[in-house]
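Below are the chains, spelled out letter by letter.
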Amino acid sequence: MAELFLRGEQTVGDLRGRASRMEKIPDMAALKPVLLSLTQKKLVFPLPPPGRRQKLTHNLYLPEQLAKLRREYGESGSPAMSEISVEVSASAEEMDAVVAASRQQATAISQEAADWNQLQDRLAALEDRVARLEQKL
């Protein structure tokens, strides 16, 4: 959103390149779920004509600015929007699977970390016990 506010309308590729300066976006597949979410929230909308060089812009214009954009690019914003949604929906499902797998992995790592901490505590207690026994001997 910040990039769209700063530079205005731009292609998805340009948006990825410029926004990557703020936060790494490894590829277009990583950006598409974000754009889908913003499109569904009506914060971003594509400007016709649909296709490879289609531009996106934010939807937080004043009414007269928005009317000017619609006149400039044509009224038919919705077919392009549905096209983006179709492209991204498969990626969104894949991302949901990746997120679920990441959560499971994070849970497993948390459990391993807890086990590791318990082992370290137990080792410290045993070392202390050995030190006390050595003093007695």
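This write-up is about the structure you can find in this document. Fair warning: this is a prediction, and the values are worked out from it, not measured in the lab.

### A short note on the sheet that holds strand β2 (residues 44-47)
No. 1: An order of β1-β3-β2 is seen for the 3 strands of this open sheet, with the pairing classed as antiparallel. Both edges of this open sheet fall to β1 (10-11) and β2, since each of them pairs with a single strand only.
No. 2: Pairing geometry for β1 and strand β3 (residues 55-58), over 2 bridges, is antiparallel. Bridging across to β3, T11 finds its partner in K55.

### Here's the deal with unusual backbone geometry
No. 1: Positive phi, normally seen in glycine, also occurs at K42, with a value near 60°.
No. 2: With respect to the helices and strands, K42 occurs in the loop between α3 (28-40) and β2.

### Quick notes on the pairing of β3
No. 1: Note: β2 against β3, 4 bridges, orientation antiparallel. Counterpart to F45 in the pairing with β3 is T57.

### Describing the packing of helix α2 (residues 12-19) against α3
No. 1: Orientation of α2 relative to α3, taken along the N-to-C sense of each, is 100°, at an axis distance of 11 Å. In terms of orientation, α2 lies roughly perpendicular with respect to α3. When α2 is examined against α3, the residues V12, G13, L15 and R16 are found in contact with a partner set consisting of M28, L31 and L35.
No. 2: Among the residues making up the contact of α2 with α3, the classes are represented as 5 nonpolar, 1 polar and 1 charged.

Calculation criteria
- Residues numbered from 1 in each chain as written.
- Predicted model: local features only at pLDDT ≥ 70, side-chain atom pairs only at ≥ 80, totals over all residues.
- Heavy atoms only, no water.
- Pairing = 2+ DSSP bridges.
- Helix = DSSP H or I, 4+ residues; strand = E, 2+ residues; numbered from the N terminus.
- Axes fitted to C-alpha atoms, helices over the stretch in contact; angles between N-to-C directions.
- Parallel < 35°, antiparallel > 145°, perpendicular 65-115°, else oblique.
- Contact = heavy atoms within 4.5 Å.
- Nonpolar A, V, L, I, M, F, W, Y, C, P; charged D, E, K, R; others polar.

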